[in-house]
Amino acid sequence: MNDRTSALDSVVFGVDIQSGDVRGDSPSYALVVLDTRDTESDEVRIERDVVSFRKLRRLIENEVPAMVATDNMYELATDKDDLVRFLQWLPHETKLVQVTGAERPEPLSRVASRHGVPYGKKPMKEAEAAARLALANVGHEVAAFENTTTVKVSRGRSTGKGGWSQDRYTRRIHGSVKRESREVESALDEANLDYERDVTEKYGGYSKAVYTVEARPQDIPVSTHRSGDTRVEIERERRDGIEFEPLVKRRDRVIVGIDPGTTTAVAVVGLDGRVLDIHSTRTADTAAVIEWLIERGRPALVAADVHPMPETVEKFRRSFDAAGWAPPKDIPVDEKLHRTREVNYENDHERDALAAALFAFDDHEDQFERISRKVPAEIDREEVIARVLGSEESVEAVLREMNDDGDEETDESGGESPTEPDRSPEEREIRSLRSRVERLESHVEDLKASIEEKDETIEEYKQELSDARREERRKARERREVSRLERDNDRLERKVESLEAENEELADKLDRLKSLWKLDHSNFADVNTNGILTSDSEWEVAGGESEANESGGNLVPVKIVEQFTNGALDHTVEEYGIAAGDVVYLRDASGAGRTTAERLAEFDPKVVLRSGNLSEVADEVLFEAEIPVAPADDVTIQEIDELAVAKESAVESAIADWESRAEERQKEQQKEMVDQIISEHRADRR
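These notes cover the structure that comes with them.

About the criteria used
- The numbering scheme is per chain: residues are counted from 1 as the chain's sequence reads.
- Totals for whole chains, interfaces and linings use all residues, but because this is a predicted model, local features are given only for residues with pLDDT of at least 70 and pairs of side-chain atoms are given and counted only at 80 or more.
- Calculation of side-chain values draws on the structure's entire complement of heavy atoms; hydrogens and water are dropped beforehand.
- Each pair of aromatic rings taken from Phe, Tyr and Trp, with Trp reduced to its six-membered ring, is defined by centres within 6.5 Å and is described as stacked if the planes are under 30 degrees apart, edge-to-face if over 60, and tilted in the remaining cases.
- Put simply, DSSP marks the helices as runs of H or I at least four residues long and the strands as runs of E at least two long, and each gets a number from the N terminus on.
- Relative accessibility under 20% of the residue-type maximum defines a buried residue, over 50% an exposed one, and the middle range a partly exposed one, all with a 1.4 Å probe and only protein chains included.
- The rule is short: NZ of Lys or CZ of Arg within 6 Å of the ring centre and within 35 degrees of the ring normal puts a charge over the ring.
- Between any two strands, at least two bridges found by DSSP are needed for them to pair.
- Salt bridges, as used here, are contacts in which a Lys or Arg side-chain nitrogen is within 4 Å of a carboxyl oxygen on Asp or Glu.

As a further point, take the packing of aromatic side chains. Counted by the stated rule, this structure contains six aromatic pairs. Taking the centre distance of 6.3 Å and the plane angle of 35 degrees together, the rings of Phe53 and Phe86 count as tilted. Of this pair, Phe53 sits in helix α1 (residues 53–63) while Phe86 is found in helix α2 (residues 80–89), placing the two residues 33 residues apart along the sequence. Assessed through its relative accessible area of 23%, Phe53 is described here as partly exposed. The class of Phe86 is buried, set by a relative accessible area of 4%. Aromatic ring contacts, followed pair by pair, group Tyr29, Phe53, Phe86 and Trp89 into a single cluster. Cation over ring: Arg57 sits above Trp89, and NZ or CZ is 4.0 Å from the ring centre.

Below, the structure is given as structure tokens:
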């Protein structure tokens, strides 16, 4: 029972709603009464019945049980106010116990399995499980009143409206109130109870005396009554809300998170991950904090939220001889806030302590589950977990060690356990098997409940995942659309820039063509003024500055061939055409053969201007075709985009130069021919 003590010599009511609803007109309850009074063994008398709410209250008034146990306190009340009225009605000696926990109750099946109590789904089985758990002091008392009680002594009757004996009558009543208050005060003194007195004095004595006693009503040797001139009323002081008090101080194994410093904060978390308590203080010393922790459990694991573990936390760990835990690195604040979002805490120190305990639990949760699966139901699971954490041994080794300890205790006691009656081996085997079957059935029910809870959780997570995916797809579509629009915008901007540049280029070309047109219809003296030529020196090469100023000069178009090849000739012919009498400019005259030269000669150009040297074959072909060939350097060619022009005078001068060179070349050829004839004639004479 996890170091708990059974509530012996008492009556415990276990209650679970059988049918109907407490908010309805006639709910019925499954009632199990466990009576341990006048029993010589551990066996208890059990009574089972199905009762109405009215009969349940009547039984509570008659039997005055020590505890009324239930798995949910709101099965006995419709709301919080109704619950307070129910608690106020309960006999002072009776506690309302919620066996499944405090503000965040667990499933009854899980609590029953943890404490080895048989459990079933039917209301009567649940009522019995609640009663047995309460009998073992498992659970929390539901409290709505302080441990402070008000005892009020006052007049039992009115003093009247007057008359000839009014004064004597009033004096007698007030005197009776004073005598009754002295008797109450004497009883409180004899019981050694602390109290405060508030007296209202009137003619002849007291009209009212109020005693605030630091005790529960059942501890006060005074009862509510009315006698003649006086009446005594006892009322407990109401708390701000509903509170839960453990039936016994927790001695379960727990995980402790500590945040040391000027303000020391500690948090206590169960081995099942439930937050049990949080506390912070600026004044308490280490001893006071340790005492606070001892009242709430036995630390199996002491955790810090920073790495490495602070020395102060290490001292706490050594004090409890517990295992330690520290994160691989300091836990970020956002992760602490997320992990502790469902728990109320007072300050950042409590948050850090709580985060340390919860992260320690998260780190060991799988290990706890593995240990729990290996531990038999009759062995304290928490003790096994604590020993595995402390010694770092296997579960099997710890179980063997605990079994050895149990055997030694049995031997020291002089044989078998005194709680085991004299039974045959077959009876003991049958009882053991039955107990095992009950535990397994309870475990199966617990597992089914866990599966249902996890299935519900999985469905919730699936729905959240589906919603998240749907939202992510929507955002992805938005991002893709934005990216597409941005790309379109960039493309259009580039297109606009390209069109603007093309527009500027075309405008510039138009200006040049206009200038060229004007130049073709004006004197060469206007060339520099119109901006076609870059400098006067360009024209000086072709005939000097004086010639540029002649009023009769014209421009002639020049057909540009990029390279002296058939392909380049085809391109020029296709784009601009080459006619007889055109000026042709070979930008690269090298590499042409006979065929290419003959093709150019067929066009019968006026002159061929070349950059580079012609091949001997091409030169011979053009010379024989009487096509003038001149270096391009002798003629200044002005290019405007794909168009080119040259001064007609420079072209004529280049042709004249070629003609003089051609005449000399012919003479040279004739001379060579004569020399050859003479040489051949001489050879024949020999």
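As a further point, take the pairing of strand β21 (residues 643–647). In terms of burial, β21 is largely enclosed, as four of its five residues are buried. The sheet contact formed by strand β20 (residues 637–640) and β21 spans four bridges and is antiparallel. For Glu639, the partnering residue across the bridge sits in β21 and is Ala644.

Moving on, we come to the pattern of salt bridges. The final tally for this structure, using the stated rule, is 38 salt bridges. The closest approach of N and O atoms between Arg470 and Asp467, which form a salt bridge, is 2.9 Å. In this pair, Arg470 and Asp467 are both assigned in helix α12 (residues 425–520), three residues apart and thus about one turn of the helix distant. Arg470 sits in the partly exposed class, given a relative accessible area of 45%. One salt-bridge network, in which partners are shared between bridges, spans Asp305, Lys336, Asp348, Arg351 and Asp352.

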